[in-house]
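Breakdown of the fold
The residues making up each chain are set out below.
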Amino acid sequence: WASSWMNRAAEAPRAPAVGGLALVLVTPGDRPAARTLALANAALDGGVTAVLLREPQLPDAEREALGLALVAACRARGALVLVSRDAGLALRVGADGVQAGWGGPDVDALRAAAPRLRVGRSAHWPLLTQDLRADWITLAPFRHTPRSHPRALLAPGQVCTVLDTPGLPPCVALGGLTVAD
């Protein structure tokens, strides 16, 4: 994945990668910034290679301060920092990418707002044309989570079909994964 990410970086004037998306922590969006930062630091120490900042419940200034702290923590460990849905915040904190969530904004809007950044997208079954325009997709749900939208879990055949899709960008499994997964 890191090699693929780096090769794509030569194609466009986007931020270089400092790691890969082998194991991504999606921040929970349910706690104060200090607790989220503590969780991220523990996850990074445990091998997480990227942190996706959500935290929509935080006031803008707190979310930005958390984003800056996450960038510092991730840079110190060679991990990526991604921001959910907010290209402006991603640019202000120096993130590596921005993630389009289910329901928007779309990939093209995020690219226009932040042409230097990589753009990912949350993808579900069946894949949409827009999913294939992203630099990576997070494919979900593999397991139910307390915060996921009520969707049927992906069946093994669906996953195989997605992974066989021509032009598929790098794909990350999302949704309540365990060590056994």
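We now turn to the structure provided with this report. (Residues numbered from 1 in each chain as written. Predicted model: local features only at pLDDT ≥ 70, side-chain atom pairs only at ≥ 80, totals over all residues. Heavy atoms only, no water.)

Looking at the overall build of the chain
Broken down by element type, the chain carries 6 helices and 7 strands. Listing the helices and strands of the chain from first to last along the sequence gives α-β-α-β-α-β-α-β-α-β-β-α-β. For the chain, buried positions account for 45% of its 181 residues. Considering only intrachain contacts with a sequence separation of at least 6, the fraction spanning at least 24 residues in the chain is 55%. (Helix = DSSP H or I, 4+ residues; strand = E, 2+ residues; numbered from the N terminus. Buried < 20%, exposed > 50% of the residue type's maximum accessible area, 1.4 Å probe, protein only. Contact = heavy atoms within 4.5 Å.)

A few points about the side chain of Gln 130
You can see Gln 130 is positioned in the loop between β5 (118-123) and β6 (136-139). On the basis of relative accessibility, which here comes to 17%, the residue Gln 130 falls in the buried class. For Gln 130, the contacting residues outside a window of four places in its chain are Asp 106, Val 107 and Arg 121.

Things to note about the pairing of strand β4 (residues 97-100)
Burial along β4 is two-sided: the face carrying Gly 97 and Gln 99 and the face carrying Val 98 and Ala 100 are both buried. Two strands pair when backbone bridges link them, and strand β3 (residues 80-84) and β4 are joined in this way by 3 bridges, in the parallel orientation. Note on β4: the bridge partner recorded for Val 83 is Val 98. Viewed along the sheet, the connection from β3 through helix α4 (residues 87-93) into β4 turns out right-handed. Where β4 lies against β5, 4 bridges are found, and the strand directions are parallel. Its bridge partner lying in β5, Ala 100 is registered against Arg 121. Taken together, β4, helix α5 (residues 107-113) and β5 constitute a β-α-β crossover, and its handedness is right-handed. (Pairing = 2+ DSSP bridges. Right-handed = clockwise from strand over helix to strand, strands pointing away.)

Brief notes about helix α3 (residues 60-77)
Over its 18 residues, α3 runs 26 Å from end to end, which matches the ideal 26 Å to within 8%, given 1.5 Å per residue. If you check which residues of α3 are buried, you get Arg 63, Leu 66, Gly 67, Leu 70, Val 71, Ala 73 and Cys 74. Here the buried face of α3 lies against α2 (33-45), β2 (50-53), β3 and α4. At the exit of α3 stands Gly 78, carrying a positive phi of roughly 75 degrees. (Expected span 1.5 Å × (residues − 1).)

A word on the sheet that holds β5
With parallel pairing, 7 strands are arranged side by side in an open sheet as β1-β2-β3-β4-β5-β6-β7. Two strands lie at the open edges of the sheet, namely β1 (24-26) and β7 (171-173), each paired on one side alone. The sheet shows a mean angle of 25 degrees between the axes of neighbouring strands, direction not considered. (Axes fitted to C-alpha atoms, helices over the stretch in contact; angles between N-to-C directions.)

What about unusual backbone geometry?
For the bond running from Trp 125 to Pro 126, omega is -10 degrees, close enough to zero to count as cis. Summarising the element assignment, Pro 126 is placed in the loop between β5 and β6. The omega torsion of the bond from Ala 140 to Pro 141 falls at -5 degrees, within 30 degrees of zero and hence cis. Among the secondary structure elements, Pro 141 is positioned in the loop between β6 and α6 (156-163). Even without being a glycine, Glu 55 presents a positive backbone phi close to 50 degrees. Look at Glu 55 and you get buried, because its relative accessible area is 0%. Look at Arg 85: it is not a glycine, yet its phi comes out positive at around 65 degrees. Tracing the backbone through its elements, the reader meets Arg 85 in the loop between β3 and α4. Accessibility expressed as a relative area gives 38% for Arg 85, which makes it partly exposed.

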